[in-house]
Amino acid sequence: MSLLSVRGVHKHFGGLHALKGVSFELDEGETVALIGPNGAGKTTLFNLISCEDRPDDGEIVLDGQRIDGLPAHLAAARGLARTFQNGRVFGNLTVLENVLLGAHTRLEGLTDPGSRPGEGVWTALREIAWSIIQPRRFRRMEAGLTEEVRDILSFFGDRLLPRLHQPAYSLSYANRRRTELARALALRPRVLLLDEPTAGMNPTETDEMSEVILQLQRRGQSMLLIEHKLELVMAVAHRVVALDAGEVIVSGTPETVRSDPRLIEAYVGKKQDGAAAASAGAVLEPSLQA
Amino acid sequence: MFDQLINGLVIGNLYMLTAIGITQIYGVAGVVNFAHGSVYMIGAYIGWMAITWLHWPLVPVILLVLAGSALLGLALERLAVRPFARAGSTILLLTTIAAGLIIDNAAQVIWGPQTQALPNPLPQWHIRLGAGTVSLLDLFILACGVGTALLLHLFLYRSRAGWAVRATAQDRDAALQMGIDVNRVSRYSFALSGAFAGLSGLLVGLYFSNIYPTMGATATLKGTTAALLGGLGNVPGAILGAYVLGIAETFSVEWLGSSYRNLVAVLLLIAVLLFRPNGLLSGRRALNPEPTAGTFIPHGRPLRFPRWLIPASAVLAAALPLFVANPYALQVLAIGWVFALMAVSLNLISGTTGQISLGHAGFVMLGAYATAILTSRLGLPFAVSLLVSPAVAAVIGVLLCYPALRLRGQYLAIATLGLGEAISLTALNWDSVTQGPLGISGIQPAAFFGYEIWSAAGVYWLDLAALLAGVWAVYRLSRSHLGRALRAVREDEVAARAFGIGLARHKSIAFGVSAFFAAAAGVLLAHSYSYIAPDTFTFALSIQVLTMIILGGRDNVFGAVVGAVVLIVLPETIRFLGEYRYILYGLLLIGMLRFRPYGLLNSNT
């Protein structure tokens, strides 16, 4: 059984049919890349999987349990962690605090993601009391997590470690994206959702990020990835799902998808459009071949 | 019935003149202008001076009122709005509140706090219409209302300047790029809405035959309610909202009694915020997301002090009564400690969690009433009530605020303001429990195990101990994982939720803990005043406490204490400041936001 399945998902925004019955699977330890032109519905799909929004029809199943329609904070507690397209770090918190927040759902016995309303009051009171008293075992838990944060940050070499106590708003754009990824890793996600992890990065930074992704892959991290840089997709993805206008047009191994004419059509238009398609195809070809 | 309907329409007309001003300014400047009622009050006073001192006839009086209040509107725009145009809408809300505070209290200094009679210069004609009568003044008010609405409509939809105003309301930046002078548009709008507000103040004064310096507060509340009913920024909506409000009020007065007039208005305000935040005319869709991250008060980090400084100051404060024999000085400082407790608690909501609350006085009041009732009626000892009353208040406070917690920015601020008012109006109307406007007197002084605390030093130590307990708890909490989660909610709600932080749960925690300590402050005050009434803890108190945390520094527990002590001790030590206390608060609020927005005990790096 696959780890994450998306089955026949539909989403409407007013008159726009943004997703028209999208289905795909993600297996344990697998990296799947979602590609497609702008407006294909990739980020909408991400928002549905991370429960930021709910589908109008269809189901999303994680580990055999339906998660669609859950509040987003409960989806996080089930082991879904995401990064955002435009890098949403907590600006006034330090790098350390940002990444520690990623581990929020793992503060066992301390916080409570969402029990039934009656229980919620009791656990909230308990959480207030613990956070004021701060018993030793919680201080130890916090210290252990801080160590773990250092480990995670060492993934990025010395990009973030020296800036541990700097507020996130003072970081460069690429470092904010790295902080975001580190925060997502601190959740120890079952499925890691990466929304354009290299958007706005230069080639060196992109290479570094792709190395980080490969490293995560080797550790068995299951990942779903939205990416426009096909070079990166070819390098890291086990399988590729191509979306266009809210539908899956092709899916399969990177090699088969790359050479599929329907993909080229989706990016540059139909063949009979003669010269335009030919010249556009010429532009696209190198990046697809890379 | 018919009389009531006419009455409702006339009142609705009066509200309309304020509501269209508020809604128009919201459209252009993106802020609910809380100084609007103050312009309205000044308009009434200008008219009063012209009628009773100069004996002018009505038409020149109206022209003078229009000109005077338009000028005040211009001054407001220049001093309290334009310098903050880029600072975000919640900052603007605070600066307009501060401006209103200054104008209201200046009026009190100039004309005295008493009510002045405003004679109606119109002939006392009455027209019989079916079962009811209509006076010339009613007709005049109707004419003014319809006339200004028509004029505004022509201006907005038939003139070039109005076109620019509408464009700016839609998209300020795009309008700027198209060559529209948005500052001029903003000036026009404030002048125009100021003129309407002043006229409305004069007409209300004539209708009720009297005026007083604090008459603007109700006008702002009613105008905002009407504007929200119609959807903020929507001029025809505001007109509809004003009539709905006017008619709802007159009928509730008819059926429930005149003391319910304001309660009904406040409940309407809260209901529309909860169920139709975009107004009656819009579909039931989600609220426009307002950016909250970092818009409350710009960033700052606590200044670092030597480790020993804070315990040393606590010890020094505790030892003070041993050296200072003057009971007055100790009383002032004791009050300072209680206010510091309120500031520390509000800081958890507004500083740490970034939710602006204008109803903090409501929590204080809940605590004060709870202890007054529990100790006087049920004979609970003070020591027990000191813990039980805040707990009761926290439960009630969270239950009341819970539905409003999904609102953001200005909408939440207005909702908390409404809740604070609702608490005080409930105390006013629920005679059997609260003794209504009489208040509760004869509250016992604080006592432990039968020993009553009478001496100034005793009260001082009690209040200081409560403050230290509050500071300890809030400081520990804010340094824990929970404080971190609350800050995450402040910085980015979407990202916080994506990492397992339930928004309603964490905001409730912040409001609950905050309400507990605010109510504890209320308990201490109730037992040291020995008398409380619905007007003991007002909106002015909420603003005072908010000023304290802005003075001390956002999200800085010790800053809140310093801010409170400065704002309480300063007006007492410098004698002549006493009368100008609230003017000082207003000036400090605007001045801090302008020149040191991160507060005294935060640095900007």
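Residues numbered from 1 in each chain as written. Chains lettered and ligands numbered in written order. Predicted model: local features only at pLDDT ≥ 70, side-chain atom pairs only at ≥ 80, totals over all residues.

A few words on the overall build of chain B. When helices and strands are counted, chain B shows 24 helices and ten strands. Here the C-alpha atoms of chain B give a radius of gyration of 25 Å, agreeing with the 25 Å that 2.2 N^0.38 yields for 605 residues. For the C-alpha atoms alone, the extent of chain B along its principal axes is close to 70 × 55 × 45 Å. For chain B, the proportion of its 605 residues judged to be buried stands at 56%. By sequence separation, contacts in chain B at least 24 residues apart represent 79% of the contacts at least 6 residues apart. (Helix = DSSP H or I, 4+ residues; strand = E, 2+ residues; numbered from the N terminus. Rg over C-alpha atoms; globule rule 2.2 N^0.38 Å. Buried ≥ 20, exposed ≤ 12 C-beta atoms within 10 Å, placed from the backbone. Contact = placed C-beta atoms within 7 Å.)

Scanning chain A for helices and strands turns up eleven helices and ten strands. Taking 19 Å as the expected radius of gyration for a compact globule of 290 residues, we find that chain A reaches 21 Å, a close match to that expectation. With respect to the principal axes defined by its C-alpha atoms, chain A has extents near 75 × 45 × 35 Å. Within the span of chain A, comprising 290 residues, buried residues form 42% of the whole.

Attention now goes to the domain arrangement of chain B. Residue and element names in this part refer to chain B. Here the domain parsing of chain B yields domain 1 (17–214) and domain 2 (310–603). The centre of domain 1, based on its C-alpha atoms, is set 34 Å off from the matching centre of domain 2. Of the residues lining the interface, 18 residues belong to domain 1; the matching set on domain 2 comes to 16 residues. Tallied by class, the residues present in the side of domain 1 that touches domain 2 amount to 14 nonpolar, four polar and no charged. (Domains from an automatic or database assignment. Nonpolar A, V, L, I, M, F, W, Y, C, P; charged D, E, K, R; others polar.)

Looking now at the nonpolar core. Of all hydrophobic cores here, the largest spans 284 residues; its most connected members are Ala340, Leu341, Ala343 and Ala519 of chain B. Discounting chain neighbours no more than four positions away, the residues touching Ala343 of chain B are Val545, Met548, Ile549, Ala560, Val561, Gly563 and Ala564 of chain B. (Core = buried A, V, L, I, M, F, W, Y, C linked by C-beta atoms within 7 Å.)

All names here are of chain A. Two elements, strand E3 (residues 31–35) and strand E9 (residues 239–244), share four bridges in a ladder whose sense is parallel. Opposite Ala33, over in E9, you have Val240 as the bridge partner. Of the pairings in the sheet, the one linking E9 to strand E10 (residues 247–252) comprises five bridges and is antiparallel in character. Among the inter-strand pairings, Ala242 is bridged to a residue of E10, identified as Val250. Once E9 ends, the chain turns through two residues before running back antiparallel as E10, passing Ala245 with a positive phi of about 50 degrees. (Pairing = 2+ DSSP bridges.)

Moving on: the domain arrangement of chain A. All names here are of chain A. Per the domain assignment, the segments making up chain A are domain 1 (1–79 + 190–290) and domain 2 (89–188). The centre of domain 1, based on its C-alpha atoms, is set 28 Å off from the matching centre of domain 2. On the domain 2 side, the residues contacting the twelve residues of domain 1 number eleven residues. Looking at the side of domain 1 that touches domain 2, the elements with two or more residues in it are helix H2 (72–77) and helix H7 (203–218). The greatest single-element share of the side of domain 1 that touches domain 2, amounting to four residues, is contributed by H2. Of the residues that constitute the side of domain 1 that touches domain 2, the class distribution is eight nonpolar, three polar and one charged.

Quick look at the sheet that holds strand E6 (residues 80–82) of chain A now. Note on sheets: strands pair through backbone hydrogen bonds, and any given pair is parallel or antiparallel. Residue and element names in this part refer to chain A. Spatial ordering of the open sheet is given by E6-E7-E8-E3-E9-E10, a layout of six strands whose pairing is mixed. Only two strands of the sheet have a single neighbouring strand rather than two, namely E6 and E10. Adjacent strand axes in the sheet meet at a mean angle of 20 degrees, parallel and antiparallel pairs treated alike. On the sheet, helix H10 (residues 261–268) packs against E9 and E10 and is oriented at approximately 140 degrees with respect to E10. (Axes fitted to C-alpha atoms, helices over the stretch in contact; angles between N-to-C directions.)

Before going further, it helps to examine helix H24 (residues 581–595) of chain B. Residue and element names in this part refer to chain B. Compared with the 21 Å implied by 1.5 Å per residue over 15 residues, the 21 Å span of H24 between its first and last C-alpha is a close match. Along H24, the residues classified as buried are Tyr582, Leu584, Tyr585, Gly586, Leu589, Ile590, Met592 and Leu593. The secondary structure elements touched by the buried residues of H24 are helix H3 (58–81), helix H4 (89–111), helix H22 (539–552) and helix H23 (557–573). (Expected span 1.5 Å × (residues − 1).)

Turning our eyes to something else, we now look at the sheet that holds strand E4 (residues 57–62) of chain A. All names here are of chain A. Spatial ordering of the open sheet is given by E2-E1-E4-E5, a layout of four strands whose pairing is antiparallel. This sheet does not close on itself; its edge strands, each paired only once, are strand E2 (16–26) and strand E5 (65–66). Inspection of the sheet shows strand E1 (residues 4–13) paired to E2 by eight bridges, in the antiparallel sense. Note that in E2 the partner of Ser5 across the bridge is Glu25.

Of the residues in chain A, 91% have a pLDDT of 70 or more, and the chain-wide mean is 87. For the stretch residues 285–290 of chain A, pLDDT sits under 50, and the model shows seven contacts to residues farther than four places along the chain or on other chains. (pLDDT = per-residue confidence, 0-100.)

All names here are of chain A. For Leu225, the position within the fold is in strand E8 (residues 222–226). Considered as a pair, Leu225 and Leu34 are 191 residues apart in the sequence and their alpha carbons are 5.9 Å apart. Those residues in contact with Leu225 that lie beyond four places of it in its chain are Thr31, Val32, Ala33, Leu34, Leu194 and Ala237.

Further remarks concern the packing of helix H3 (residues 95–102) of chain A against helix H6 (residues 173–186) of chain A. Residue and element names in this part refer to chain A. Where H3 meets H6, the axes come as close as 6 Å, and the angle between the chain directions of the two elements is 35 degrees. As H3 runs across H6, the sense of the crossing is right-handed. Residues Val95, Asn98, Val99, Leu100, Leu101 and Gly102 of H3 pack against Thr179, Ala182, Arg183, Ala184, Leu185 and Ala186 of H6. Taken together, the residues of the contact of H3 with H6 break down into eight nonpolar, three polar and one charged. (Left-handed = near helix turned anticlockwise from the far one by under 90°.)

Let us now look at the interface of chain B and chain A. Each partner contributes to the interface: chain B provides 27 residues, whereas chain A provides 34 residues. Where the side of chain B that touches chain A is concerned, the elements lending two or more residues are helix H18 (456–479), helix H19 (481–491), helix H20 (493–498) and helix H21 (503–529) of chain B. If one sorts the elements of the side of chain B that touches chain A by residue count, H19 of chain B sits on top with seven residues. Broken down by class, the residue content of the side of chain B that touches chain A amounts to 13 nonpolar, seven polar and seven charged.

With that settled, consider the environment of Pro55 of chain A. Residue and element names in this part refer to chain A. Mapped onto the elements of the fold, Pro55 is located in the loop between helix H1 (42–49) and E4. Take Pro55: there are 23 C-beta atoms within 10 Å of it, and that puts it in the buried class. Distance from Pro55 to His12, taken between C-alpha atoms, is 8.3 Å for residues 43 residues apart in sequence. Apart from residues lying up to four places away in sequence, Pro55 is in contact with Val9, His10, Lys11, Leu48, Ile60 and Asp68.

A few words now on the environment of Asp53 of chain A. By the secondary structure assignment, Asp53 of chain A is in the loop between H1 and E4. Considered as a pair, Asp53 of chain A and Lys11 of chain A are 42 residues apart in the sequence and their alpha carbons are 9.5 Å apart.

Let us now look at the packing of H22 of chain B against H24 of chain B. Residue and element names in this part refer to chain B. Two numbers describe how H22 lies on H24: the axes approach to 10 Å, and their chain directions differ by 40 degrees. Relative to H24, H22 is oriented oblique. With respect to the hand of their crossing, H22 and H24 are arranged in left-handed fashion. Along its contact with H22, which presents Ala540, Ile543, Gln544, Thr547, Ile550 and Leu551, the element H24 presents Tyr582, Tyr585, Leu588, Leu589, Met592 and Leu593. Per-class residue counts for the contact of H22 with H24 are ten nonpolar, two polar and no charged. (Parallel < 35°, antiparallel > 145°, perpendicular 65-115°, else oblique.)

Turning our eyes to something else, we now look at the confidence of the model for chain B. In low-pLDDT regions, the fine details of the predicted coordinates are not to be read closely. All names here are of chain B. In this model, chain B carries an average pLDDT of 88, and 96% of its residues clear a pLDDT of 70 or more. Overall, residues 284–297 carries pLDDT values under 50, and its contacts beyond four positions in sequence, including any with other chains, amount to 29 contacts. Confidence estimates for the predicted assembly give a pTM of 0.90 and an ipTM of 0.90.

A few words now on the pairing of E8 of chain A. Residue and element names in this part refer to chain A. Within E8, five of the five residues are buried, leaving the element largely enclosed by the surrounding structure. Side chains of E8 alternate between two faces, with Ser222, Leu224 and Ile226 and Met223 and Leu225 buried alike. Examined bridge by bridge, E3 and E8 share four bridges and lie parallel to one another. Across the sheet, Leu34 pairs through a bridge with Ile226, a residue of E8. Pairing of strand E7 (residues 191–195) with E8 involves five bridges; the strand directions are parallel. Residue Asp195 lies in a different strand from E8, and its bridge partner there is Ile226.

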